[in-house]
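Summary of the model geometry
Residue strings, one per chain:
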Amino acid sequence: MIKIILGFRRRQGMGFQEFKDYRREIHAPLLFAIPEAKKIRRFVVNYSVAVPDFPEPTYDAVVEAWFDNLEDMNELYSCENFVTKVDPDHVNFIDLSSVGRVVVEEIVVVG
């Protein structure tokens, strides 16, 4: 199982709730409307929480997407539907200069 983890901050001037609503109500439907999104086995969005005595979160959200293999992941992110319909929407709610990403092989230790 391959997983991509993306962390990012919301675009400047966008409130946190507006950011969450946009991702859920506008961006997610764009992604899951394209047939290639069927390659995704699991998809989780994690939103930061302010915690007393902890540093300010680096990201407003961290997204995790699981795929059976690298080929499936690459097929999604390089397909015409993603490139022309989904990716251009990121600028509407994400500070693109803040994006961090890592592709990992997930090994479950507990759970």
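Everything below is about the structure printed above this text.
None of the values given here were measured: they were computed from a predicted structure. (Residues numbered from 1 in each chain as written. Predicted model: local features only at pLDDT ≥ 70, side-chain atom pairs only at ≥ 80, totals over all residues. Heavy atoms only, no water.)

Here the focus is helix α1 (residues 16-33). Helical periodicity: at 3.6 residues per turn, an α-helix aligns residues three or four positions apart in one direction. Given a rise of 1.5 Å per residue, 18 residues ought to cover 26 Å, and the 25 Å separating the end C-alpha atoms of α1 matches this to within 8%. At H27, α1 is bent by approximately 40°, the largest bend along its length, and proline P29 sits one to four residues beyond. Along α1, the positions that sit buried rather than exposed are F19, Y22, R23, H27, A28 and L31. Where the residues of α1 are buried, they touch β1 (2-8), β2 (42-47), β3 (61-67) and α3 (80-86). (Helix = DSSP H or I, 4+ residues; strand = E, 2+ residues; numbered from the N terminus. Expected span 1.5 Å × (residues − 1). Bend = angle between axes of the 7 residues up to and from the residue. Buried < 20%, exposed > 50% of the residue type's maximum accessible area, 1.4 Å probe, protein only. Contact = heavy atoms within 4.5 Å.)

Turning to the pattern of salt bridges, a few remarks are in order. Going through the model one piece at a time under the given rule, you end up with 10 salt bridges. We note a salt bridge from R9 to E56, for which the minimum N-O separation is 3.4 Å. Taken together, the residues R9 in the loop between β1 and α1 and E56 in the loop between β2 and β3 connect sequence positions 47 residues apart. The exposure class assigned to E56 is exposed, which follows from its relative accessible area of 64%. Here R41 and D68 are joined by a salt bridge, their closest N and O atoms 2.9 Å apart. A residue pair is termed long-range when its members are at least 10 positions apart, and R41 in the loop between α1 and β2 and D68 in the loop between β3 and α2 (70-78) qualify at 27 residues. Linked by salt bridges that have partners in common, R9, R10, E56 and D60 make up one network. (Salt bridge = Lys/Arg side-chain N within 4 Å of Asp/Glu carboxyl O.)

Another aspect to go through is the environment of R101. By secondary structure assignment, the location of R101 is in strand β4 (residues 100-105). For the pair R101 and G7, spaced 94 residues apart in sequence, the C-alpha separation works out to 6.4 Å. Those residues within four positions of R101 in sequence are excluded, and the remaining contacts are I5 and L6.

Function cannot be read off these values alone, since they describe shape.
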